[in-house]
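Architecture and fold: a report
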Amino acid sequence: MPENRQRDATSETWRALQGAPTGTDLRTEGWRQEAAFRLLNNNLDPEVGEEPESLVVYGGTGRAARSWDAYDAIVEELQSLGDEETLLVQSGKPVGVFRTHEMAPRVLIANSNLVGNWDNWEHFHELEAEGLMMYGQMTAGSWAYIGTQGIIQGTYETLAELASERFDGDLRGRTVLTAGLGGMGGAQPLAVTMNKGVCLAADIDRERIQRRIDTGYCQEMTDDLDEAVMRTRKAAESGEPYSVGVHANAADMYEALVERGFVPDVVTDQTSAHDAIEGYYPSGYTVEEADALRERDPERYREESLDTMVRHVDAILELQERGAVAFEYGNNIRGQVEAERDREDAFDFPGFVPAYIRPMFCRGQGPFRWLALSGEESDIYRTDEAVTELFPEKDRLVRWIELAQEQVEFQGLPARVCWLGYETTPVPETPLAGDLPVDREELTERALFALRINQLVESGEITAPIVVTRDHLDAGSVASPNRETENMRDDSDAVADWPILNALLNCAAGADIVSVHDGGGVGIGNAVHSNNHVVLDGTDLAAEKAARVFTTDPGTGVIRHADAGYDVALDEADRSNVDVPMRDRR
Ligand code: NAD
């Protein structure tokens, strides 16, 4: 078996750690290296990652390291890495250490990138089998995954936006049909009930449903569809939030609902359809039977998987026809059915970004998230207070923090996520630590909040450094024609220069870890994206990095959308003094 398909952990270090170390003792030469060390291990915490024994973190086969030997080597390199050195990681394997400087990133990562003509699953799988590459997904290979808590706010925001546009502001009395209760998709039932709605969700893997119930993301599980429909209807009629996971293949279940004449208010799906072989399950098999078929005959598995996706998409289209609001939730099921089965009508329902997220991207807003390296929940609660004190006028944000405190369980290192953007806000008289490289009045929302956290770390109110990171799904960091950049106003959907510029600029601005990946949520050849981390350790160095990176990062989101001609982005650029050269000569 190639090393990269190892199913059992061979690393003594991982066995001993089983998650990120916590507390204030360092196992490395400094907090920036320590953050990388803790984040890598946080991804592989059994509470956080989906299958850490095989290095799989989430999203089909998204891995944190290429093999267990590569994991051990990364850990060793991080332990000896100096404050003026940079480690290079190529598709999950450490390949070099160079002398750089303090302001430079400590770790640079490139995952799953292939040259255009070779940029497809077939070639990727050949290289993967040879042990030359791994699938980095988005936050798996960049060590930024924080469990289902990472996606919950994005899912909550998407549904809240949908509810404002299509219903009366929330989902009370509305039913949402979906599927896929994995690492990311598992956030859906809770996001629906947080918006006061009712969620009916299919997953073929009973253990995945149970995991969501155990962690408070889903309320009940059943094998009986009629019972699930009855409870769903009853809850919707009484306006009670409710969620049920049905142990079933999604295509079979959606078709059965069509036959029964059940039309949900909203229909979507988050199975790992981006990967027909290792992500999606064909109809007619249990998980164990399908896993055996995959081993025995991957080509047959792929064909049956794609046939099931066609039925799945047809059922969504039929439900849309009958009145449901349908959208694809970023798993490329439409792209798979169009490309592999020549069905252009697969795109007759929209993706979630053009439908609900793009206006936020135009303002540079995206999923800003942070983790307490101490492992102390109280450190995150202090940051919750800080963000609501800084932005009391943002009702949705304040409500989100309250809901998250009540309903979202921490997984691994305590973490929080909320959408913040560029938008230069008048800075209240809040103490901020460190020398600032920009005028205080020009700080972006993200920079202002990061600097406030830096001050709380410096003063000791927060017990150890906080690391700030984000999803690759952000305003200026992704090119993905079937998802984040679907249907751009100027048809620039497939232009991948933007995420590369974003990564290069964030290196120049001093981010501590920077990565560029191919594939992500929509599969090899379908997306290029980047992310970054900044460690807030209370020092002047951290303040300088944070003030710069949290300006450049959301700023690329504003210019990317301004360049594409979105008025909201052009207005944001004017309001926030973002320089958009040649804007009048487009
Ligand atoms: P995952 O691999 O952890 O989970 C996928 C789940 O789908 C598993 O529980 C699996 O049992 C189930 N499943 C697969 N095929 C099925 C079928 N035919 N019927 C019923 N259940 C089936 O993946 P994840 O991290 O939850 O991500 C899911 C998808 O969403 C991926 O394609 C991912 O790339 C995409 N994604 C979207 C976003 C977003 O912002 N919308 C974010 C992250 C991931």
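As a reminder, the structure under discussion sits directly above these lines.
Since we're looking at a predicted model, the values are computed, not measured. (Residues numbered from 1 in each chain as written. Predicted model: local features only at pLDDT ≥ 70, side-chain atom pairs only at ≥ 80, totals over all residues. Heavy atoms only, no water.)

In this section: the state of the cysteines. Throughout the structure, instances matching the rule amount to 0 disulfides. Counting only cysteine sulfurs, Cys 418 is the nearest neighbor of Cys 362, a cysteine outside any disulfide, at a range of 20 Å. (Disulfide = S-S within 2.5 Å.)

What follows covers the packing of helix α13 (residues 352–362) against helix α18 (residues 540–563). For the pair α13 and α18, the least separation of the axes is 8 Å and the interaxial angle reads 110 degrees. By the angle between their axes, α13 is roughly perpendicular relative to α18. Here Arg 358, Phe 361 and Cys 362 of α13 lie close against α18, whose contacting residues are Gly 557, Val 558 and His 561. Residues of the contact of α13 with α18, tallied by class, amount to 3 nonpolar, 2 polar and 1 charged. (Axes fitted to C-alpha atoms, helices over the stretch in contact; angles between N-to-C directions. Helix = DSSP H or I, 4+ residues; strand = E, 2+ residues; numbered from the N terminus. Parallel < 35°, antiparallel > 145°, perpendicular 65-115°, else oblique. Contact = heavy atoms within 4.5 Å. Nonpolar A, V, L, I, M, F, W, Y, C, P; charged D, E, K, R; others polar.)

What follows concerns the site of the ligand. In the vicinity of the ligand lie 33 residues, with Gly 60, Asp 203, Ala 250, His 274 and Gly 521 positioned nearest. Taking Asp 203, its side chain carries an N or O atom lying 2.6 Å from an oxygen atom of the ligand. Between the ligand and Tyr 281 there is a distance of 2.9 Å, counted from a nitrogen atom to a backbone nitrogen or oxygen. About the coverage of the ligand: the protein hides 97% of its 850 Å² of free accessible area. For the shell around the ligand, the class distribution of residues is 12 nonpolar, 16 polar and 5 charged. (Near = heavy atom within 4 Å. Polar contact = N/O pair within 3.5 Å; in protein donor to acceptor, adjacent residues only side chain to side chain. Areas by Shrake-Rupley, 256 points an atom, 1.4 Å probe, with all protein chains shown as cover.)

On the secondary structure map, Val 287 appears in helix α10 (residues 287–296). You can call Val 287 buried: its relative accessible area is 10%. Here the alpha-carbon distance between Val 287 and Ile 204, two residues 83 residues apart in the chain, equals 6.7 Å. Excluding its chain neighbours within four sequence positions, the residues that come into contact with Val 287 are Ile 204, Asp 205 and Tyr 281. (Buried < 20%, exposed > 50% of the residue type's maximum accessible area, 1.4 Å probe, protein only.)

Read from one edge to the other, the open sheet built from 6 strands follows the order β8-β9-β7-β6-β10-β11, with strand pairing classed as parallel. The outermost strands of the open sheet, each flanked by one partner alone, are β8 (220–222) and β11 (325–326). As defined by bridge partners, strand β6 (residues 175–179) adjoins strand β7 (residues 198–203) across 5 bridges and the pair is classed as parallel. Within β7, the position partnered with Thr 175 by the bridge is Val 198. Its contacts with the sheet put helix α9 (residues 250–260) on β6, β7, β9 (242–247) and β10 (266–267), and the angle it makes with β6 is roughly 150 degrees. (Pairing = 2+ DSSP bridges.)

These figures capture arrangement, not role.
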